[in-house]
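Listed here are the chains, written in short residue letters.
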Amino acid sequence: RQAFDLAAKLDPAMAAAATPGDGEQLSLLEAVLFALLGGLILNLMPCVFPVLAMKAASFARLAGHSPGDLRRDGMIYTAGVLVSFGLLVCVLAPVCEELFFRGLMFRVFADRIGLIGGAALSGAIFGLVHLTGGPLTTGLVLFALGFGFALVRWWTGSLLPSMGLHALNNAVSFGVTLTFAWWI
């Protein structure tokens, strides 16, 4: 059996500080598992629950106030949530995910298994990480997006175009989601 080891290329500026034998190398399977784990952690972080609990407590304090006050506070809260969520989804997530999936993961995989293999593997992990509770077709679409973003990253030599396309995709998805009946 053959195993794959992953090793990051050492920055020439840091080469003098490194000594042979430093650090351990990850196998390809370990790198894929850590990539999946990192993506799941990012998607399942429970940081939103304390914020919702604080808002529920503030609504409870408004008991006995006029319906207009309750409605105003609810509308302001909802607008704040939507703006904050929009910024996270349309700006922060594309930047962070592109740095991780195309800036790190794709480059490591492409160095080890070639351009198409690296794009396919990083795209598959991208799709799987985003498949939390969605239909399989969503994972396949996200695999294709991840694969395409990796090719754009390779073709342009920059993460900026894939970040822009990712942000555009998320903005369209976010905008379409806001028109769903369950928001009303």
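Residues numbered from 1 in each chain as written. Predicted model: local features only at pLDDT ≥ 70, side-chain atom pairs only at ≥ 80, totals over all residues. Heavy atoms only, no water.

**Student:** Please clarify how the packing of aromatic side chains should be interpreted in this entry.
**Tutor:** In the structure shown here, the tally under the stated rule is five aromatic pairs. Look at Phe85 and Phe174: their rings are 5.7 Å apart centre to centre, the planes differ by 50°, and that puts the pair in the tilted class. Residue Phe85 is found in helix α3 (residues 67-113), and its partner Phe174 is found in helix α6 (residues 160-177); the two are separated by 89 residues along the sequence. Judged by its relative accessible area of 44%, Phe85 is partly exposed. Classification of Phe174 as buried rests on a relative accessible area of 13%. Residues Phe143 and Phe147 carry aromatic rings whose centres are separated by 6.1 Å and whose planes lie at 40° to one another, so their mutual orientation is tilted. On the criterion of helical spacing, the pair formed by Phe143 and Phe147 is a turn pair, its members being four residues apart in helix α5 (residues 136-156). Here Phe143 falls in the partly exposed class, since its relative accessible area comes to 29%. Across from the ring centre of Phe126, 4.6 Å away, lies the NZ or CZ of Arg102, which sits over that ring. (Phe/Tyr/Trp six-rings, centres within 6.5 Å; stacked < 30°, edge-to-face > 60°. Helix = DSSP H or I, 4+ residues; strand = E, 2+ residues; numbered from the N terminus. Buried < 20%, exposed > 50% of the residue type's maximum accessible area, 1.4 Å probe, protein only. Lys NZ or Arg CZ within 6 Å of the ring centre and 35° of its normal.)

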